[in-house]
Each structure stands twice: as C-alpha cells, then as structure tokens.
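Read off the chains here:
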Amino acid sequence: MSNKTKQLYIETYGCQMNMADTEVVLSIMDGVGYKLTKEAAKADLIFVNTCSVRDNAELRVKQRVSELKTHKRNNPDVLIGVLGCMAERLRTELIDKNNVVDLVVGPDEYRKLPKMVNDAYAGQRGIAVKLSRVENYDDITPLRTEGISAWLSVTRGCDKFCTFCVVPFTRGRERSRTLKSVVDEVHKLSERGFKEVTLLGQNVNSYHDGEFDFPDLLSAVAKVDRTIRIRYATSHPQDMSDKLIEVMAEHSNICKYVHLPVQSGSNRILKLMNRTYTIEHYLGLLEKIKRAMPDVSFSTDIIAGFPTETDDDHRLTLDVMKQVKYDGAYMFKYSPRENTKAWEMGDDVVEEKKVERLNEIIALQEDISNELNRAAVGQTMEVLVERDSSRSSDDLMGRTDTNKKTLFPREDALVGEYRNVKIERATAHTLFGKLVQNVN
Ligand code: SAH
Ligand code: SF4
Ligand code: F3S
C-alpha cells in the first residue's frame, strides 16, 4: 500500500524516556506520511507505547489494547501496533496466540516501523524485539508537538541491575549519544524558541560518550542558550560526582533540583536491591549538594514491601523521608517482575502490609510537601510560564526552578516567559500567587 497521508494515533505509558521515544516514532512515521491524530476513531494506525515496570502498568496496557481493538472491528483496515518495553514479554501472547495486534516492536527497532507497517497492510504480522548495543537514534530529530519544554534522551538502557527492576531486560545495555549530537540538537531547540530542556536517561549521570562524561555534557548544554532551563533525570546516587555538583552550582540556568531515588531507608534492603550505596553515603551526598547549592530541592522514588522488608526496615524509610524532607516523591508498592533477581527472593510481604506501608509513606510525604510549600508563601519566585491552567482559563501555570507547579492570574504574561510570582497560598502539590514586576 502506498504511503499517502494517513492518521496515526499513539498512547504512551511509563517514564519520560518512553514519552521521548514516542516523539522519535512520530518523526519516523512522519517521514512516510503519517500525521498525528488525537482521536483513535480517526486513525488508520494505532500504536500503544508500553511500560513493564510494574504489574499494574502492564494490566492497564492490556486493557487499553483490547479497548482499542473496537476500532479495528469498526474498520478492518486499521492496524494496531504494540511498542516499547512490553513488546518482548507480550509478543507470544499478542501475536502468536491471539492475533490481537498486527505488529509488536521493541524500543531499539523503531527504524523498522515503516516497513513493518507496510508488511502488515499486506497481511503479514510482524515482530521486532531485538535489543541493540548501539542504537540511540542519534540522527533522528524527535517530532515534538509542544513548544516550550523538550525531552532529550542522552542515554538508553541500563547496566545497574537493581534486583527489582525490569528495565535492563526491556531496554538492554546502557549506551550514550555523542556530546556533539546532543549540543547540536539543543542549538536547534534554542532557535525554535524552546525554554526548557530535560536530559533523560535511566541513569543519566552515568552518561559517557567515550570522551565526555555527564558533567561535561551538562555544562556544554547549559552554555548553548542561557534562557533555556536545563533539567535532568534520573540520576543514580552512585554516579553523583563532585564534578557534577560543581557544574550544577556553576550554571545559573541548570535547575537546582535533584531527583535522586533512594528506594529504601534500610541498608539491609538497599543491599538486597543491589543499589550499591548505604543510606549514610546517600545522606552524605545530599549534604554535599546542599552545601554547594543551599536552595536546592530534592525528590525521590520509594518502594514499599520489597522481599523480606520488616516493620523496622519500613520505619527506617520513614526516618529518611523525615530527615531529608523531599519536595516530592514517587511512591510504589513492590511488584515482582519475572527474570529479575528479586523475583527469586519471593514476594513475602503480604498485600495488606504493602498497602499499609505505602499509605503511610504517601501520608508522610503529603505532610512534608504541605509544610515545604507553606514555607514558600510570601516569597517571590521566578517561574517559567508553561501553559494555560487546566483549572481556569484566567490563570496560567508555570514552574519554579525547583519544579513546583505555580498558578497565577494571567494578566499580561505569556507562555514561554520567565516571570516573578509572589506566592500567596499553597497546597501539597501547587503554589498559588500573583505576578509582580520587581525582581526580589
Ligand atoms: N532509573 C531510575 C528509575 C527507574 S524506574 C532509577 O534508577 O531510579 C522508576 C522507579 O520505579 C524506580 O526508581 C523504582 O522506585 C520503581 N520501580 C522499579 N521497579 C519496580 C518494581 N518491580 N516494583 C515497584 N517499583 C518499582
Ligand atoms: Fe532500574 Fe536500577 Fe537501572 Fe534504575 S538504575 S533503571 S531502578 S536497574
Ligand atoms: Fe516503563 Fe520502560 Fe520506562 S519499563 S518505566 S517505559 S523504561
């Protein structure tokens, strides 16, 4: 079938790297005449870019795929493809057994999509799930559909093998793009008026292109355009070097915000998780970061109910949260994943216990976020105006350097501007204020 303009609908699950991959897929498919549609009912081609990190993520995707199949029933010409991290795990279930979908394509095989889609139109279902040691889509400019903030994957894969985590299996070995290709892309983003760039990788701070390390990359990117804010995620405590801290402190446009997943407060559990640090080392890192950047804020990831976790281990996690006072946290119930080391440790923390511990962690974080945000009341903060507020068309939404969502009446402010906002009120997740002209 010819590649005249067709409509592509895509849903994306999982982490920011998957969102960034979707933009790579859009770019590849745009090259063969597919335009993005926001309505599945109008699509000729439906992609679901999937996540495997926890069981509930997988369940949601399976449910969505079966819902989207109704479009195929209405129009047999519609093709459905499953992309991303579940591809390898689900290929048998989705293609061999049930013929549920027309193609299954893993994260390193997106260059094959145009051919596979054509083959599928010709009736040949396709599977491509090989992982690569080198693919990083260096030469493909992601098709970004939003104009202020850009995600930019600088590493792919992960070599850390935390015992609970499926990512090294779904995404393969770690590899880095060249510094030059990243800097060139940031130049292009600057020309197009982007105001925020987030460098992405599963452990972005272990970036190494053979010549340059992550601090080199970060400082090169920061120098491209001082009006562009630079963020990065996710960093692993093991690779949080002194050099990286220095570079962060040195450049005013690198956000003073560090997402540093702790996972657990118990050294015994951290060891079982193969996280490679002790809690003392982790807390020492945060102290060092704070000394270099007193205004820095932190966020984290926490898992409740890892195998063998006791009430005492759990209390140690709560203690760390109280001590650090994270601005925000992503909090999860342990979910056993096949093939991982932890899978073999069993799943001995009973569901009710896991839920109880997770709820305690969430409630504590809510209190801490509330307290920290209330402390912001009365202060004037610079925000980058990102978009209209979803709550009211009279308001705009911006983010502070420390990544706090801030709502304020629009007045003369425009999306993409840096403006000062005096904070008048706060909840655990949002600051509310009004524009002020003077810099504090
Ligand atoms: N590379 C990042 C994040 C990877 S996945 C890092 O190293 O921190 C995002 C988060 O999901 C992890 O930090 C972890 O908290 C959580 N996670 C990963 N596997 C999980 C599992 N099997 N069960 C519950 N949470 C998990
Ligand atoms: Fe998973 Fe650990 Fe790699 Fe993060 S560092 S992606 S948690 S294996
Ligand atoms: Fe999920 Fe894959 Fe990201 S498993 S969290 S989409 S790397």
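Basis of the calculations
- Residues numbered from 1 in each chain as written.
- Chains lettered and ligands numbered in written order.
- Predicted model: local features only at pLDDT ≥ 70, side-chain atom pairs only at ≥ 80, totals over all residues.
- Heavy atoms only, no water.
- Helix = DSSP H or I, 4+ residues; strand = E, 2+ residues; numbered from the N terminus.
- Lys, Arg positive; Asp, Glu negative; His and termini not counted.
- Charge placed at Lys NZ, Arg CZ, Asp CG, Glu CD.
- Axes fitted to C-alpha atoms, helices over the stretch in contact; angles between N-to-C directions.
- Parallel < 35°, antiparallel > 145°, perpendicular 65-115°, else oblique.
- Left-handed = near helix turned anticlockwise from the far one by under 90°.
- Contact = heavy atoms within 4.5 Å.
- Nonpolar A, V, L, I, M, F, W, Y, C, P; charged D, E, K, R; others polar.
- 1 Å grid on protein atoms, 1.4 Å probe; cavity = no way out; pocket = protein on both sides within 12 Å on 5 of 7 lines; lining within 4 Å.
- Points joined across faces, edges and corners; volume = space filled by probe spheres on them.
- Pairing = 2+ DSSP bridges.
- Expected span 1.5 Å × (residues − 1).
- Buried < 20%, exposed > 50% of the residue type's maximum accessible area, 1.4 Å probe, protein only.
- Arc of directions from axis to C-beta.
- Core = buried A, V, L, I, M, F, W, Y, C linked by side-chain atoms within 4.5 Å.
- Domains from an automatic or database assignment.

Each helix and strand in the protein chain was counted, giving 12 helices and 19 strands. Taking the principal axes of its C-alpha atoms as reference, the protein chain extends roughly 60 × 55 × 45 Å. Counting 64 positive and 67 negative side-chain charges, the protein chain places the centres of these two groups 2 Å from one another.

At a minimum axis distance of 10 Å, the contact between helix α11 (residues 311-324) and helix α12 (residues 351-375) shows a crossing angle of 15°. The angle between α11 and α12 falls in the class roughly parallel. The crossing of α11 and α12 is right-handed. Contact with α11, carried on its side by Asp311, His314, Thr317, Leu318, Met321 and Lys322, involves Lys353, Arg357, Glu360, Ile361, Leu364, Gln365 and Ile368 of α12 and no other residues of that element. Classifying every residue of the contact of α11 with α12 by side-chain character gives five nonpolar, three polar and five charged.

Taken as a whole and assessed by the stated rule, the structure comprises three cavities of 30 Å³ or more. In this structure, the largest cavity spans a volume of roughly 120 Å³. Lining the largest cavity we find 16 residues, and of these Val24, Asn136, Tyr137, Ser153 and Arg177 sit closest to its centre. Elements with a minimum of two residues in the lining of the largest cavity: α1 (16-30), β7 (149-153) and β8 (155-156). The residue inventory of the lining of the largest cavity, partitioned by class, reads eight nonpolar, three polar and five charged.

With that settled, consider the sheet that holds strand β11 (residues 229-233). The three strands lie next to each other as β7-β10-β11, forming an open sheet whose pairing is parallel. In the strand order of this sheet, the two ends are held by β7 and β11, each with one partner. Looking at each pair of strands side by side, their axes are set apart by 20° on average, direction ignored. Taken strand by strand, helix α7 (residues 214-224) contacts β10 (196-200) and β11, and its axis lies near 155° from that of β11.

Moving on, we get to helix α10 (residues 279-292). For α10, with 14 residues, the first-to-last C-alpha span of 20 Å sits near the 20 Å given by 1.5 Å per residue. Buried residues of α10: Ile279, Tyr282, Leu283, Leu285, Leu286 and Ile289, and no others. Axial view of α10: buried residues confined to an arc of 150°, hence all on one face. Seen from the buried face of α10, the exposed residues on the opposite side, beyond 90 degrees, are Glu280 and Arg291.

Turning our eyes to something else, we now look at the nonpolar core. Core analysis: the biggest nonpolar cluster contains 64 residues, and Leu199, Leu218, Tyr232 and Met240 have the highest contact counts within it. Viewed by domain, this core spans two of them, domain 2 (147-255) and domain 3 (259-375), each represented by three or more residues. Non-local contacts of Leu218, meaning those with residues more than four positions away in its chain, are made with Leu199, Ile230, Tyr232, Leu244, Val247, Met248 and Ile254. Core analysis: the next-biggest nonpolar cluster, separate from the first, contains 24 residues, Val32, Leu113, Tyr137 and Ile140 among them.

Spatial ordering of the open sheet is given by β2-β1-β3-β4-β5-β6, a layout of six strands whose pairing is parallel. If you trace the sheet from one side to the other, it starts and ends with β2 (34-36) and β6 (126-128), each paired once. The sheet shows a mean angle of 20° between the axes of neighbouring strands, taken without regard to direction. Across six bridges, strand β3 (residues 45-50) lies against strand β4 (residues 79-84) in parallel orientation. Bridge pairing links Phe47 to Gly81 in β4. Strand contacts of α1: β1 (6-12), β2, β3 and β4, with the helix running at about 170° to β1, the strand carrying the most contacts.

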